[in-house]
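# Inside the fold
What follows is the residue order along each chain.
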Amino acid sequence: MKAKRTAIWAPVQIMAIATLLFAPPGIAQDTAISGEEAFRQALELLDANEHEKAIPLLEVALEEHPESRGALWNLGTSALITERYDLATTIWSRYRALEPDDWQALPKLVQAHQGSGNC
């Protein structure tokens, strides 16, 4: 029986170690970080103008809350500021699909397309 238990737990242990080693920068090593906590931490980083570090946290927040307008807006803005234009295009497109009448997002989507050369 002990061999079976080891075989069952080995993949779990490997995943836990891999998660600790390869977690994106800025994310607490706790793999159970909630979307709300990730968003809160991202806002603190954005207040400190740390857009690059905020991006992975905003992505975590969106995994849990894919229609969060605040997370989409902040991720789209951070992607533009850090010149990650493909990400910005994807995020601003998602935002516009949810908020088609928000005219303030349209120039941001255009800027993302221009930056990525997709014009």
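Quick summary incoming for the structure in this document.

Oppositely charged side chains may form a pair once their charged atoms are brought near each other. Taken as a whole, this structure holds 4 salt bridges when the rule is applied. In this structure, R40 engages E37 in a salt bridge whose closest nitrogen and oxygen atoms are separated by 2.5 Å. Taken as a pair, R40 and E37 lie in helix α2 (residues 35–47) at a separation of 3 residues, close to a single helical turn. Take R40: its relative accessible area is 37%, and that puts it in the partly exposed class.

Once that is clear, we can look at unusual backbone geometry. Located in the positive-phi region is N49, a residue other than glycine, with phi close to 60°. With respect to the element layout, N49 can be found in the loop between α2 and α3 (51–64). Assessed through its relative accessible area of 58%, N49 is described here as exposed. Its identity as a non-glycine residue notwithstanding, E83 has a phi of 60°, on the positive side. Summarising the element assignment, E83 is placed in the loop between α4 (69–81) and α5 (85–98).

This part covers the nonpolar core. Grouped together as the largest cluster of nonpolar side chains are 25 residues, with contacts concentrated most on L75 and W92. Those elements that provide at least two residues to this core are α2, α3, α4, α5 and α6 (105–116). Filtering out sequence-adjacent residues up to four positions away, L75 remains in contact with I55, L58, E59, L62, L87 and I91.

So, how was this worked out
Residues numbered from 1 in each chain as written. Predicted model: local features only at pLDDT ≥ 70, side-chain atom pairs only at ≥ 80, totals over all residues. Heavy atoms only, no water. Salt bridge = Lys/Arg side-chain N within 4 Å of Asp/Glu carboxyl O. Helix = DSSP H or I, 4+ residues; strand = E, 2+ residues; numbered from the N terminus. Buried < 20%, exposed > 50% of the residue type's maximum accessible area, 1.4 Å probe, protein only. Core = buried A, V, L, I, M, F, W, Y, C linked by side-chain atoms within 4.5 Å. Contact = heavy atoms within 4.5 Å.

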